[in-house]
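# Overview (structure and organization)
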Amino acid sequence: MAVQIEKTSSKKVLNSAVPQSRIPYNKPYVAGKELEYIEQAIANSQLSGNGNYTEKCHKWLEDNVEVKKAFLTHSGTAALEMASLIADIQPGDEVIMPSFTFVTTASAFVLRSAIPIFVDIRPDTLNIDEQLIAKAITSKTKAIVPVHYAGVSCDMEKICQIAEQHKLVVIEDAAHALKATYKKRPVGCMGSMSALSFHETKNIIAGEAGALLLNDESMIRRAEIIWEKGTNRKEFHLGLTDKYTWQELGSSFPPSELTAAFLFAQMEEADFITNRRVQIWELYHKGFEQLEMQNLVQRPVQWSEGERNGHIYYLLLENNQVRNELLKFLNDRDIKAVFHYIPLHTAPAGQRYGKAFGDLPHTIDISGRLLRMPLWVGLEDESVAEIIALVKQFFGK
Ligand SMILES: *Cc1c(COP(=O)(O)O)cnc(C)c1O
């Protein structure tokens, strides 16, 4: 048996029978009602997508992220791929994005034969440097894809202003950012479109799932068609047309109702999940304060424009060697700290399909010095304290 979930329990973490580190970097959290809702989905006798639970999730997202329309997808990657279809990205179009991000931020557009233009990040928030975006725009630029790293918002006011000036589409990669805020509004509500991920390593999870959120009303009808394999299935079901036909290029984007049922149980607990993650984030932050004063580590910068959602806690070490030594020190003690991202512009496919805008010095530097600490809802305060003590011990403090 791989996992144990007690139906009656709430606030449980999956216990894996697969060998894991004593303190893994992530453990999927189970809110409590997942199995009950999955049973209900089975009883509803609709297992394919776009049933009751999908509708509940759509409504929750529309209310919580303050967007006009939500579409569940089978992954965050699929949400980005759907966005590139809706934006009508054509071969040779340029799409501006950070290099310091997950692979599929770029590959979703490369699938449409577009060219990712990789721009450097700011050394404070590790988000795309909005000052560089305008400089990277050419006559081929079609879209800007800001990634809200670690659940900290990009400077969306500036980015949307640049996009408006140049008539570009803004597609937010908000995979890290559900329940984070920017100027008191939910992150994900400012671009024409935003992609979310519910992968098991994110804050709100469903194994593999995602969502595409739309703010631009003029995109909704095409989005409905693209979501449902490029057909007018929706209008057919509403009785608005007597034919159900292929209308344009789409794909199969909805997740099954089983996934949506699991996801809805998580959404109901979203505040609890976010609060606990933020609590752990703050424990780390306080715990590493002294080391930062002694110039041994750099902690994430507290950004005044919004509230974070505790998605990632990271430290920046002095250089790549110290980072790798600390990584090994913790891993040797069965604590799974991890690093990411290998800059996309230096990766084989990134070089083949994309273009770097300049040398991206901050991206290269940060990628070599960043270390992520374990962070999940069930992580005990004592474990956080142990990790902090071990990092201090590593520095001889
Ligand atoms: C996780 C993630 C994705 C992809 O989400 P999946 O649900 O795993 O497909 C895209 N972009 C970023 C920044 C991510 O962290």
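Attention in this report is confined to the structure presented alongside it. (Residues numbered from 1 in each chain as written. Predicted model: local features only at pLDDT ≥ 70, side-chain atom pairs only at ≥ 80, totals over all residues. Heavy atoms only, no water.)

## A few points about the overall build of the chain
Looking only at helices and strands, the chain has 15 helices and 16 strands in total. For the chain, the C-alpha radius of gyration of 21 Å lies close to 21 Å, the compact-globule estimate for 397 residues. Across its three principal axes, the chain shows a C-alpha extent of roughly 75 × 55 × 40 Å. Taking all 397 residues of the chain together, the buried fraction comes to 56%. Taking all contacts inside the chain whose residues are at least 6 apart in sequence as the whole, residues at least 24 apart take part in 69%. Looking at the chain as shown, the accessible area adds up to about 17,400 Å², and 50% of this sits on carbon and sulfur atoms. Across the chain, the mean location of the 43 positive side-chain charges is 2 Å away from that of the 49 negative side-chain charges. (Helix = DSSP H or I, 4+ residues; strand = E, 2+ residues; numbered from the N terminus. Rg over C-alpha atoms; globule rule 2.2 N^0.38 Å. Buried < 20%, exposed > 50% of the residue type's maximum accessible area, 1.4 Å probe, protein only. Contact = heavy atoms within 4.5 Å. Areas by Shrake-Rupley, 256 points an atom, 1.4 Å probe, with all protein chains shown as cover. Lys, Arg positive; Asp, Glu negative; His and termini not counted. Charge placed at Lys NZ, Arg CZ, Asp CG, Glu CD.)

## Side note on the pattern of salt bridges
The tally for this structure, following the rule as stated, stands at 20 salt bridges. Two residues, Arg-222 and Glu-248, come together in a salt bridge whose shortest N-O distance is 3.0 Å. Of this pair, Arg-222 sits in helix H7 (residues 220-227) while Glu-248 sits in the loop between helix H8 (233-237) and helix H9 (257-268), and the two are 26 residues apart along the sequence. Here the salt bridges share partners, and the residues they tie into one network are Arg-122, Asp-124 and Glu-130. (Salt bridge = Lys/Arg side-chain N within 4 Å of Asp/Glu carboxyl O.)

## With respect to the sheet that holds strand S9 (residues 169-173)
As summarised here, the arrangement of the eight strands in space is S5-S13-S12-S9-S8-S6-S7-S15, forming an open sheet in which the pairing is mixed. The open sheet has two free edges, formed respectively by strand S5 (69-73) and strand S15 (355-356), since each of these has just one partner strand. Relative to S9, strand S8 (residues 141-144) runs parallel, the two sharing two bridges. Bridging across to S9, Ala-143 finds its partner in Val-169. In the packing of helix H4 (residues 103-110) onto the sheet, the strands contacted are strand S6 (94-98), strand S7 (115-119) and S9, and the crossing angle to S6 comes to about 175 degrees. (Pairing = 2+ DSSP bridges. Axes fitted to C-alpha atoms, helices over the stretch in contact; angles between N-to-C directions.)

## Points about the packing of helix H3 (residues 76-86) against H7
Close contact between H3 and H7 brings their axes to 10 Å; oriented N to C, the two are set at 125 degrees. Taken as axis vectors, H3 and H7 run oblique relative to one another. Handedness of the H3/H7 crossing: right-handed. On the side of H3, the interface is formed by Met-82, Leu-85 and Ile-86, while H7 contributes Arg-222, Ala-223, Ile-226 and Trp-227. Looking at side-chain class alone, the contact of H3 with H7 contains six nonpolar, no polar and one charged residues. (Parallel < 35°, antiparallel > 145°, perpendicular 65-115°, else oblique. Left-handed = near helix turned anticlockwise from the far one by under 90°. Nonpolar A, V, L, I, M, F, W, Y, C, P; charged D, E, K, R; others polar.)

## Remarks on the packing of aromatic side chains
Working definition: an aromatic ring pair is given by the centre-to-centre distance plus the angle between the planes. One pass over the structure, following the stated rule, counts 16 aromatic pairs. Ring geometry for Phe-394 versus Phe-395: centroids 5.0 Å apart, planes at 85 degrees, classification edge-to-face. Overall, the relative accessible area of 17% leaves Phe-395 in the buried class. What links up through ring pairs into an aromatic cluster is the set Phe-100, Tyr-149, Tyr-314 and Tyr-341. The ring of Phe-339 has Arg-323 sitting right over it, with the charged end atom 4.0 Å from the ring centre. For the cation-ring pair, Arg-333 lies above Phe-329, with the distance from its terminal atom to the ring centre recorded as 3.7 Å. (Phe/Tyr/Trp six-rings, centres within 6.5 Å; stacked < 30°, edge-to-face > 60°. Lys NZ or Arg CZ within 6 Å of the ring centre and 35° of its normal.)

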